[in-house]
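# Coordinate analysis (summary)
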Amino acid sequence: TRKESSAASDVYKRQDLNPTYLEVAFDNTCNFKCMYCSPDISTTWMEEVNQYGPYPTSVKTGDVNWLKDQDRFPIRHDQYNPYVDAFWDWWPDLYKDLNTFRITGGEPLLNQNTWKVIDFIKTNPRQNFNLAINTNMGVQEKWISKLCQAANLIGDKINSLDIYTSCEAHGAQAEYIRYGLNYNTFMSNNEFLLTNTFEQNRLHFMITFNALSTTSFLSFLDDIKKLRKKFKPYKMLDRVSIMVSYLQWPHFQSVLVLPKEIRQSFSAEYLNYAQENSIESGPHGFLYLEEVEQIKRLSQFMLQELEDKDLTSRQNDFGLFYQEYDKRKKTSFEKTFPELKSFYLSCLKI
């Protein structure tokens with residue numbers, strides 16, 4: 001049996017197998033430079049660090065030399081990319097076996113290859129194929145309209161189209177975290193998408209909870225609640241979903257950098273909110289059991305303790321990063337996060 005198993009293994013090694021799930025970033029073109037992002041996946045981040053250099057943190061945040069050493073330095077969007085050519089050579093054969101294809105970035109709506117994929121699907125329908133697109137939903141209106149038109153053109157040609165977007169705070173605080181975002185435009189774009197596409201198209205909010213999400217997180221969830229109330233479920237599935245994860249890198253942006261009393265207070269608030277807004281709590285509940293559990297896990301994570309040396313190092317980087325962030329972007333941490341002002345000032349003194 002060992003010989004048979006080994007022979008079968010050798011056969012598989014010699015075969016070219018198409019994946020059933022594939023995620024692709026065609027380039028790093030992006031109109032945002034979110035605070036926890038990196039130059040290899042955002043051209044505006046790359047422009048900034050090319051002008052000013054890396055941030056003066058202990059890990060040299062945004063260091064392009066590190067990206068080069070790690071072979072993660074991207075091919076410029078205006079340069080020839082042999083990998084994209086190789087993808088299109090592979091695509092007609094790959095498409096036949098794919099269950100799910102997810103396009104990420106950068107910002108996919110700003111890349112012509114995203115629209116080329118959609119054009120291909122129009123003329124090559126597959127009822128068991130699922131398409132997913134990550135987008136910041138903060139691009140110009142013409143791209144949001146084009147996305148809606150594309151969604152409707154291929155809606156009956158594939159099994160599903162899912163749009164994934166990201167946010168983890170509310171209003172001006174969200175705009176500070178995700179530099180380039182206009183929060184009101186972002187939310188109106190999401191509503192426009194849901195209004196102008198088929199009922200089976202779903203919108204997913206990917207939440208990367210971090211230290212700066214803390215004070216307006218629940219206000220953001222309230223906005224999700226309004227969307228869910230307006231757009232009814234389709235075939236037992238809400239058209240709007242949330243996925244709550246917590247940031248661990250850059251480590252100085254993690255919620256664990258905050259003082260214990262702040263974390264404890266907000267952790268308790270989140271637990272109460274999750275319980276009060278569970279669909280099991282009453283007619284006004286909107287959070288499903290899985291989402292309630294995600295918020296519970298976040299609340300538990302917030303109560304973890306770091307060693308004193310590690311905490312001091314992170315808080316030092318916290319102060320250095322946002323001081324430089326404000327200098328480069330002409331923003332103000334103290335005005336945007338008055339609830340965290342005293343903590344921020346204490347970090348600057350380390």
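Quick note: structure is the one above.
What this report covers is the structure whose coordinates are included nearby. (Residues numbered from 1 in each chain as written. Predicted model: local features only at pLDDT ≥ 70, side-chain atom pairs only at ≥ 80, totals over all residues. Heavy atoms only, no water.)

### A short note on the packing of helix α10 (residues 260-276) against helix α11 (residues 289-302)
This is how the line gets drawn: Orientation is described by axes fitted as lines to C-alpha atoms, over the contacting stretch for helices, and by angles from 0 to 180 degrees between their N-to-C directions. Note on conventions: DSSP H or I runs of at least 4 residues are helices, E runs of at least 2 residues are strands, and numbering of each starts at the N terminus. Each angle gets one of four labels, with under 35 degrees taken as roughly parallel, over 145 as roughly antiparallel, 65 to 115 as roughly perpendicular, and the rest as oblique. Definitions for this section: a left-handed crossing has its near helix turned counterclockwise from the far helix by less than a right angle. A right-handed crossing has that turn clockwise. Residues count as neighbours in contact if any of their non-hydrogen atoms are within 4.5 Å of one another.
With their axes 9 Å apart at the nearest point, α10 and α11 run at an angle of 165° to one another. Here α10 lies roughly antiparallel to α11, going by the angle between them. Every pair of crossing elements has a handedness; the one defined by α10 and α11 is left-handed. For the pair α10 and α11, the contacting residues are Arg263, Phe266, Ser267, Tyr270, Leu271 and Ala274 in the first and Val292, Ile295, Lys296, Leu298, Ser299 and Met302 in the second.

### Observations concerning the side chain of Thr100
With respect to the secondary-structure elements, Thr100 resides in strand β3 (residues 100-104). Apart from residues no more than four positions distant in its own chain, Thr100 is found in contact with Thr20, Tyr21, Leu22 and Asn130.

### Let's talk about the packing of helix α4 (residues 82-97) against helix α5 (residues 112-123)
What counts, and what does not: Each residue is assigned to one class: nonpolar for Ala, Val, Leu, Ile, Met, Phe, Trp, Tyr, Cys and Pro, charged for Asp, Glu, Lys and Arg, and polar for all the others, Gly among them.
Relative to each other, α4 and α5 sit at 25°, their axes nearing to 12 Å. If you check the angle between α4 and α5, you find them roughly parallel. Where α4 crosses over α5, the handedness of that crossing is right-handed. Mapping the contact onto sequence places Val84, Trp88, Trp91, Pro92 and Tyr95 in α4 and Asn113, Lys116, Val117, Phe120 and Ile121 in α5. Here the contact of α4 with α5 is composed, by residue class, of 8 nonpolar, 1 polar and 1 charged.

### Section: helix α6 (residues 141-154)
Our working rule: Expected span, for any helix, means 1.5 Å times one less than how many residues it has. Each residue is placed in one exposure class: buried if its accessible area under a 1.4 Å probe, protein chains only, is under 20% of its type's maximum, exposed if it is over 50%, and partly exposed if it falls in between. Regarding the arc, it is the one traced by the directions from the helix axis to the C-beta atoms.
Look at α6: 20 Å from first C-alpha to last across 14 residues, which is about the 20 Å you get at 1.5 Å a residue. Looking at α6, one finds that the buried residues are Ile144, Leu147, Cys148, Ala150, Ala151 and Ile154. Mapping the buried residues of α6 onto a view down its axis gives an arc of 165°, with all of them on the same face. Of the exposed residues in α6, the ones pointing more than 90 degrees away from its buried face are Glu141, Lys142 and Gln149. Close packing links the buried residues of α6 with α5, β4 (126-134), β5 (158-166) and α8 (183-195).

### Overview of the sheet that holds β5
Pairing between the strands of a sheet is mediated by backbone hydrogen bonds and can be parallel or antiparallel. Our working rule: Pairing between two strands requires that DSSP report at least two bridges joining them.
Taken together, 6 strands build an open sheet; the order of strands is β1-β3-β4-β5-β7-β8 and the sheet is parallel. If you trace the sheet from one side to the other, it starts and ends with β1 (21-25) and β8 (240-246), each paired once. Ignoring which end each strand starts from, the neighbouring axes of this sheet average 20° apart. Here β3 pairs with β4 via 4 bridges, running parallel. Note on β4: the bridge partner recorded for Ile103 is Ile133.

### Thoughts on α8
One turn of an α-helix holds 3.6 residues; hence residues three or four places apart share an orientation. Stated formally: Here a polar contact is taken to be a pair of N or O atoms separated by no more than 3.5 Å, where protein atoms must pair a possible hydrogen donor with a possible acceptor and residues adjacent in sequence count only if both atoms sit in side chains.
Over its 13 residues, α8 extends 18 Å from the first C-alpha to the last, a length consistent with the 18 Å expected when each residue adds 1.5 Å. Inspection of α8 places Tyr183, Phe186, Met187, Asn189, Asn190, Leu193 and Leu194 among the buried residues, and these make up the whole buried set. Here the buried residues of α8 occupy an arc of 155° about the axis, which is enough to place them on one side. On its buried face, α8 is in contact with α6, β5, α7 (171-177), β7 (202-209), α9 (217-230) and β8. Of the residues flanking the start of α8, the one acting as N-cap is Asn182, its side-chain oxygen 3.2 Å from the backbone nitrogen of Asn184.

### Here we look at unusual backbone geometry
Look at the link from Gly105 to Gly106: it is a cis peptide, with omega at 10°. Mapped onto the secondary structure, Gly106 falls in the loop between β3 and α5. The amide bond that connects Trp249 to the next residue, Pro250, takes the cis arrangement and shows omega of 0°. By the element assignment, Pro250 lies in the loop between β8 and α10. Its identity is not glycine, yet Asp71 carries a phi of approximately 55°, on the positive side. By the element assignment, Asp71 lies in the loop between α3 (64-69) and α4. Here Asp71 falls in the exposed class, since its relative accessible area comes to 71%. Positive phi, normally seen in glycine, also occurs at Lys330, with a value near 60°. Within the secondary structure, Lys330 is located in the loop between α12 (308-329) and α13 (333-336). The exposure class assigned to Lys330 is exposed, which follows from its relative accessible area of 71%.

### Concerning the pattern of salt bridges
Threshold: Every case where a carboxyl oxygen of Asp or Glu lies within 4 Å of a side-chain nitrogen of Lys or Arg is listed as a salt bridge.
In total, this model carries 15 salt bridges according to the counting rule given. Between Arg228 and Glu291 there is a salt bridge; the shortest N-O distance is 2.5 Å. Taken as a pair, Arg228 in helix α9 and Glu291 in helix α11 lie far apart in primary sequence, 63 residues in all. Each member of the pair Arg228 and Glu291 is classed as buried. Of the charged contacts in the structure, one is a salt bridge between Arg263 and Glu305, with a shortest N-O distance of 3.4 Å.

### Quick word on the side chain of Thr135
On the secondary structure map, Thr135 appears in the loop between β4 and α6. Here Glu107 takes part through its side chain, which lies 2.9 Å from a polar atom of the side chain of Thr135. A distance of 3.1 Å separates a polar atom in the side chain of Thr135 from the backbone nitrogen of Met137. Apart from residues lying up to four places away in sequence, Thr135 is in contact with Glu107, Pro108, Leu109, Ile163, Tyr164, Thr165 and Ser166.

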